[in-house]
Amino acid sequence: MSLLSSQRYRSRGRRLGIDPTTLERAVATIERIQRSDPRLTPILTLRHLSELTGAQYGYLRRVVGRILGGYRHVHFKKRIPGRSRRRVISIPPRRLLEVQQWIAQNVLRFAEPSRASFAYHPSSSPVLAAEEHCGCEWLLKVDIVDFFHSITEGRVSAVFYRLGYPRLVAFELARLTTMQLIRGALQRDAERWSAIPYYQSEYEGVLPQGAPTSPMLSNLVMKDLDERLIELSKQHGMRYTRYADDLAFSCGKGRDRSHVERFKRLVLAELSREGFNPNLRKTVIRGPGTRRIVLGMLVDGPSPRLPREFKDMLRLHLHFLKSEGHGPSAHAQKRRKSISGLYHHVRGLIGWAMSVEPDYGARILAEFERVAWPPVQPRWSERPDR
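Residues numbered from 1 in each chain as written. Predicted model: local features only at pLDDT ≥ 70, side-chain atom pairs only at ≥ 80, totals over all residues. Heavy atoms only, no water.

Details of the sheet that holds strand E6 (residues 284–286)
The strands making up a sheet associate through backbone hydrogen bonding, with each pair oriented either parallel or antiparallel. Within the open sheet, the four strands sit side by side as E4-E5-E3-E6. Their pairing is antiparallel. In this open sheet, the two edge strands, each paired with only one partner strand, are strand E4 (239–243) and E6. Across the sheet, the axes of successive neighbouring strands diverge by a mean angle of 15 degrees, strand direction being ignored. As defined by bridge partners, E4 adjoins strand E5 (residues 246–251) across five bridges and the pair is classed as antiparallel. Directly across from Tyr240, in E5, lies its bridge partner Phe249. Helix-sheet contacts for helix H10 (residues 223–235) involve E4 and E5, and the interaxial angle to E4 is about 155 degrees. (Pairing = 2+ DSSP bridges. Helix = DSSP H or I, 4+ residues; strand = E, 2+ residues; numbered from the N terminus. Axes fitted to C-alpha atoms, helices over the stretch in contact; angles between N-to-C directions. Contact = heavy atoms within 4.5 Å.)

What follows is the structure, given as structure tokens:
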């Protein structure tokens with residue numbers, strides 16, 4: 001929570017002999033930010049951010065000026081490719097990472113996403129998103145191509161400005177939380193800060209997938225579009241949820257495929273107007289007689305369920321782990337994993353099963369705990385590798 005009080009700031013400024021006009025402008029900025037949300041930490045200038053974060057002002061200015069970047073890019077092969085067959089995770093350098101973590105903790109975590117978003121905030125979960133579609137007769141799933149790279153620094157700057165930050169500070173925060181692609185889009189706002197030649201850049205930055213600020217910023221950028229899609233869904237008898245770049249729409253009985261097809265065209269038009277490209281290979285309609293799956297869970301019944309192939313995979317893992325002729329060591333070697341890596345992988349899958357089907361997950365966990373594991377540090381993720 002912010003500790004900067006406009007009253008205390010004004011009093012201290014007067015004692016320091018700050019110019020009254022400058023002081024009142026700063027106080028007005030603090031009050032505007034706190035009217036947006038009193039939990040937000042006011043940031044008055046880039047130098048002020050330097051003081052708040054402990055990062056050197058010169059370093060921050062060079063990042064904003066696109067003189068420094070330093071992201072490390074890690075490429076992962078996509079399981080179901082869209083336009084690109086690889087997913088790029090861009091990891092910021094340590095100093096920038098610390099600044100981004102400060103922004104996430106002191107600014108972004110207090111900004112509420114739309115009611116349709118079920119990712120990247122404390123009260124959300126994929127299971128809750130799937131529950132919204134349980135018992136549906138028709139399901140439309142839409143995926144966005146290169147979601148994070150579709151969100152530009154101009155959109156990010158608008159998010160910070162709507163939170164109450166001055167335009168220049170909002171722009172600087174956007175530069176600190178985006179990265180420049182070598183072959184990115186031409187900078188549409190190149191003349192916005194013509195008074196600061198140091199800030200001019202040929203290309204517009206985008207959200208890096210791998211920065212701690214990117215998930216929350218993507219939610220906030222999508223907020224207006226989410227609200228439009230919520231209203232569009234209501235008008236056509238549909239329900240809508242979004243988990244990052246996975247959009248799901250569903251309806252009950254009384255509709256047919258042609259209705260869902262017409263609705264799909266309206267959704268794709270909204271995405272196009274917002275500058276997003278749908279991944280047509282992942283844009284699908286599922287109706288009666290087919291499996292309706294949202295975020296890896298079956299939603300054709302009263303509650304989310306794990307698919308049979310997921311349970312078969314877990315059963316196979318446990319068979320080899322408990323087998324006298326196999327065991328953890330041989331199974332890990334066959335899977336080309338360390339024993340510790342295999343332990344955490346399977347335990348993560350079980351954790352996911354417990355969140356979807358608690359009774360089934362508890363039975364599988366009891367079996368897993370009877371495996372004769374060598375000593376392993378018990379640390380795992382709740383989400384499985386999918």
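Details of unusual backbone geometry
Here Tyr120, not a glycine, exhibits a phi torsion of approximately 70 degrees, which is positive. In this fold, Tyr120 is placed in the loop between helix H5 (94–106) and helix H6 (126–131). The backbone phi angle of Leu295 is positive, close to 55 degrees, even though this residue is not glycine. Tracing the chain through its elements places Leu295 in the loop between strand E7 (293–294) and strand E8 (297–298). Judged by relative accessible area, Leu295 falls into the buried class, the value being 13%. (Buried < 20%, exposed > 50% of the residue type's maximum accessible area, 1.4 Å probe, protein only.)

Considerations on the packing of aromatic side chains
Using the criterion set out here, one finds eight aromatic pairs in the structure. Look at Phe147 and Phe276: their rings are 6.0 Å apart centre to centre, the planes differ by 35 degrees, and that puts the pair in the tilted class. With Phe147 in the loop between strand E3 (138–143) and helix H7 (153–162) and Phe276 in the loop between helix H11 (257–273) and E6, the pair connects residues that are 129 residues apart, well separated along the chain. Here the two residues Phe147 and Phe276 agree in accessibility, since each one is buried. Look at Tyr343 and Trp373: their rings are 5.0 Å apart centre to centre, the planes differ by 80 degrees, and that puts the pair in the edge-to-face class. With a gap of 30 residues between them, Tyr343 in helix H14 (residues 339–356) and Trp373 in the segment after helix H15 (358–369) connect regions that are remote in the sequence. Each member of the pair, Tyr343 as well as Trp373, carries the same accessibility label: buried. Members of the aromatic cluster, joined through ring pairs, are Phe147, Phe148 and Phe276. The positively charged end of Arg167 is found above the aromatic ring belonging to Tyr161, 3.9 Å away from the centroid. (Phe/Tyr/Trp six-rings, centres within 6.5 Å; stacked < 30°, edge-to-face > 60°. Lys NZ or Arg CZ within 6 Å of the ring centre and 35° of its normal.)

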